[in-house]
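# Chain and residue survey
If you want the building blocks of each chain, they are given just below.
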Amino acid sequence: MYSVISRHLISASAVLLSATLIAPAARAQSRAETLRYVTAATVNTLDPNIPGSTREAFALSMSSYDRLVSFGRKQLNGKWVFDLDTINGELAESFSVSSDGLKITFKLRPDAKFHDGSPVTAEDVKWSLDRCVTAPVLGKAQLLTGSLTSADQFKVIDPLTLEVTLPRPDKLALPNLATVYPIIINSKLAKSHATPEDPWALSWLKENEAGSGAYIVETFKPGEQAIAKRNEAWNRGSPDKPASFKRLIIQSVPEPATRANLVERGDADLVIDLQASDVQALEAKGKLKVISTPQYNAVTFISMNNKIPPFDNVNVRRAVAAALPYDDMFKAALFGRGTPLFGASWADGTPPSGGYPIPQPVKLDLEKARAYLKEAGVPEGFATTFSFNVGQAATAEPMAALVKESLEKIGIKVDIQKLPDAQMSTSINEKKLPFFTEGIVAWLPSTDYFYRNFYTGNQRWNYSSTDNAELEKIAQAARFEADKAKYEAEGKELNAIHFEQMFQVPLWQPAQDAVMVANLDGYVYQFTRQVDYRNLSRK
Amino acid sequence: MGTIGATLIRAGRRFLSSLPALFGVLVFTFLLMRVLPGDPAVFFASGPSAGKEEIEVVRKQLGLDRSLPEQLGIYLYDVGRGNLGRSMMTGQPVAKDLQQRLPASLELTLTALVIALIAAVPLGVLAALRPNSLIDHGVRLFCSLGVCVPTFVSGLLLIYVFYYLLGLAPDPTGRIDVFASVPPARTGFLMVDFLLAGDVEGWWAAARQLMLPAFTMALFVIAPLARITRASMLVSLGSDFVRTARSIGLSRWQIVVTYALRNAILPVITIAGIVFSTMLGANVLVEKVFSWPGVASYALDALLVSDYAPVQGFVLLMASIFVAVNLLVDVLYGIADPRATVA
């Protein structure tokens, strides 16, 4: 009896011992095959179309859903960035545009399957695109910018062919289909969860994923983490193989210092939203890989409301532009991490390019600023408020202090106003703020797109409340301009008007600092300003 | 039997009398949220392509297109049916969010409170036994340090030392290592669920994860608990019954623990109840620093983006917990000191 017990005890402890010895090894292996991404924000929906969806939600949906097409990549100053001009097939094996530019025909991959194993058909594609232009989703307003507005435009030719008809040739139609919203959904699965009140299964798809993408969502806890496993059957990557990581953990870590600690100790693999000071310190230590890409589709501004006095006077705006301490702000806010949009010299006083944004010929010159104020009829200056949103306090706070200090020298008294995010967006939407800082991003950064969206109309993104008939006319004309030389000329005209009228002052394009463990490879800066997990691998 | 019955009746009456207060909290929070500047519809319809139409869709979804009394009516009706609305931030029903996150907060707060009590009561007693001695001053210094260093500072400091420098603590994110598997959720309390699942290794992992945030919070509340213990111990040590006990020659240990401390513990219970309720709401910073998926950080995030439903749900939850804790303190009091039953 005694010996039996002791034998059991010995074998039990042997099992226990080996379990403890083996466990770390097994864990280490799964660790190597897992990508742990830590971020300040949270994935709050699995369907990127839901109003309020975060950029993290966009990033996960890029990996869990396929689109018809996707953007290629190119090198910019030695860093990989997305390339608007290369459109590759994703679910589409091939696509062709008719010679008059009015028809785009997509041939689907015959081997593409949804996560439940059912084949991806043209019916699914049509349902998904119909949903995007019909349902109350975010995709609707986005696809509008590519002349995609109605379900009638999508036609199923055969199970693997879909035809898209356009009312006029639109160079943004195809790129729009590569953005985050037109995801291709398993329509049979989605329809089975639709209700009469919710025919497009918006509420089900928010919490459930029905895609064909590289990763299958396993657990989704908004505010904490999302975990996805690799879709072994996915072959849309290059060169036609599944994604590199077996698992994907996207974890919310609100404290920036903790995110920095995690990646420095190698517990996290990648983080893109550290504080500039932490990035600098980590880069100096040299243990980690830091890829710093200028956000070439984003701009940070100091905006003036052109309808509120005294900013309705162009000379006041010019005075402000001449009194901003650009270099100090750039150093204090971003530690110099980004691309400055000030201090240029335009050879003959005209814009050197029709691109957007381009560096402006503005610099700190208090004498000039005083002269402009005099010309505006307010030589003693005036009092105003400068607002920024709490979410951007890390960069905006030091900037605001410098603005206040510098403008005081020409008599403009600035009261700094720090607003909670929701209050800031409300005030901007109601056009109540006279003087503030904001940032803009365009997914499809073409000159006309920027000008149409951010400088025309009574809409929220027109921060400076610009109302300039000439600018609007040129921007609208440029949208459908097929001739490249003419388009460039129109861009130059727009840039000239912008500088002449000084609606608002572009400051810089902040850098996106991706900090990662040294053996991580394949990072590409994306239009979503997020990570495309499918690109990444461990060396 | 009679005392238990009386206690129950008393508790029931106390509960009923707190209902109007809960209702008041409900209406007040509702109105407060609407008075605050910031339109949630504008904030949430803030995608790169969201215009007027999208804002209207969100406004309708949130029911903000109706009049204020109408909104309040709908809200009260919904709350009556246990529906606290839906969070725009997480996309989940608020009741579900709170239910998932409350155990995390409770587990953290309870652990911190236990640690604080274990440290504070002996400290308080020691200080009271030798008033104005070196020990007393030492305790006072320690308490002052604990209460004057903000939790996010002590939290970051603990992380820096124990995680970053020494590597003793696991990475300070969440309740459990992201690579570990979670036990089947029965109570929502990881420490309990792991035990129920018989997973000792997992239990240990979760306990290690819990230590740093719990100590951070405990440091902050040791001061009030130790001070109140000291004060009431001083009163009790100077009272007649202790003098009598001394005079009949009882041992020092018996006098201090059995007579003095037992009588001094009542105010400590009261303060502990209040401290607990305060900690639950006030641990926002600790939850933030340690990425702890609790209710307080959830409410703060919601407040920043004017997400009405979660904030209202959180305030209601806190009010209910406060009522429940006070009820519990009352009952404990009644049991400990029958004279308190006359209320």
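Residues numbered from 1 in each chain as written. Chains lettered and ligands numbered in written order. Predicted model: local features only at pLDDT ≥ 70, side-chain atom pairs only at ≥ 80, totals over all residues. Heavy atoms only, no water.

Put simply, the rule reads: UniProt positions are given in the numbering used here, feature names are shortened, and annotations may be inferred rather than shown by experiment.
In the nomenclature of an unreviewed UniProt entry, chain B corresponds to ABC transporter permease from the organism Bradyrhizobium arachidis. We quote the UniProt Subcellular location (unreviewed entry) comment for chain B here in full: "Cell membrane". Under the UniProt heading Sequence similarities (unreviewed entry), the entry covering chain B gives this text: "Belongs to the binding-protein-dependent transport system permease family."

Under an unreviewed UniProt entry, the name given to chain A is ABC transporter substrate-binding protein, and the organism recorded is Bradyrhizobium arachidis. Entered under Sequence similarities (unreviewed entry) in the UniProt record, the comment concerning chain A runs "Belongs to the bacterial solute-binding protein 5 family." Quoted verbatim from the Subcellular location (unreviewed entry) field of UniProt, the annotation for chain A is "Periplasm".

### Points about the pairing of strand E12 (residues 289-294) of chain A
Residues and elements named next belong to chain A. To be explicit about the condition: In this scheme, a residue with accessible area under 20% of its type's maximum is buried, one over 50% is exposed, and one in between is partly exposed, where area comes from a 1.4 Å probe on protein chains only. Comment: elements are numbered from the N terminus, with helices defined as DSSP H or I runs of at least four residues and strands as E runs of at least two. Note: two strands are recorded as paired if DSSP finds a minimum of 2 bridges between them.
Summarising burial for E12: five of the six residues are buried, a large majority. The sheet contact formed by E12 and strand E18 (residues 504-516) spans six bridges and is antiparallel. Bridging across to E18, serine 292 finds its partner in aspartate 513.

### A look at a negative patch on the surface
All names here are of chain A. Put simply, the rule is: Candidates for patches are residues over 30% relative accessible area with no salt bridge; among them, like charges are joined within 9 Å and nonpolar side chains (Val, Leu, Ile, Met, Phe, Trp, Tyr) within 5 Å. Here the accessible surface of atoms and residues is derived via Shrake-Rupley with a 1.4 Å probe, and residues count as covered only by protein chains that are part of the display. What makes a salt bridge here is a side-chain nitrogen of Lys or Arg within 4 Å of a carboxyl oxygen of Asp or Glu, nothing more. Here the positive residues are Lys and Arg and the negative ones are Asp and Glu; neither His nor the chain ends is included. For charged residues, the charge sits on one atom: NZ in Lys, CZ in Arg, CG in Asp, CD in Glu.
Taken together, Asp327, Asp328, Glu405 and Glu408 make up a surface patch of like negative charges. The set of elements that each furnish at least two residues to the negative patch consists of helix H11 (326-334) and helix H13 (393-408). Assignment of secondary structure puts glutamate 408 in helix H13. Overall, the relative accessible area of 43% leaves glutamate 408 in the partly exposed class.

### Structural notes on the pattern of salt bridges
Counted under the stated rule, the structure contains 32 salt bridges over all chains. Two residues, Glu264(A) and Lys285(A), come together in a salt bridge whose shortest N-O distance is 3.0 Å. In this pair, Glu264(A) is assigned in helix H8 (residues 256-264) and Lys285(A) in helix H9 (residues 276-285), connecting sequence segments 21 residues apart. Since its relative accessible area comes to 10%, Glu264(A) is described here as buried. Of the charged contacts in the structure, one is a salt bridge between Asp301(B) and Lys288(B), with a shortest N-O distance of 2.7 Å. Of the two residues, Asp301(B) sits in helix H13 (residues 295-304) while Lys288(B) sits in helix H12 (residues 284-289), which places them 13 residues apart along the sequence. The partly exposed category is assigned to Asp301(B), whose relative accessible area is 29%. Under the relative-accessibility criterion, Lys288(B) is labelled buried at 16%.

### Looking at the packing of helix H6 (residues 134-148) of chain B against helix H9 (residues 200-237) of chain B
All names here are of chain B. Here is the rule we go by: Helix axes are fitted only over the stretch in contact, all axes being lines through C-alpha atoms; the angle between N-to-C directions runs from 0 to 180 degrees. Helix crossings get a hand from a simple test, with the near helix turned counterclockwise from the far one by less than a right angle marking a left-handed crossing and a clockwise turn marking a right-handed one. We call two residues contacting when some pair of their heavy atoms lies within 4.5 Å. The classification used treats Ala, Val, Leu, Ile, Met, Phe, Trp, Tyr, Cys and Pro as nonpolar, Asp, Glu, Lys and Arg as charged, and all other residues, Gly among them, as polar.
The geometry of H6 relative to H9 is characterised by a closest axis approach of 7 Å and an angle of 145 degrees between their N-to-C directions. The handedness of the crossing between H6 and H9 comes out as left-handed. Across the interface between the two elements, Asp136, Arg140, Phe142, Cys143, Gly146 and Val147 from H6 touch Leu219, Phe220, Ile222, Ala223, Ala226, Arg227 and Arg230 from H9. Here the contact of H6 with H9 is composed, by residue class, of eight nonpolar, one polar and four charged.

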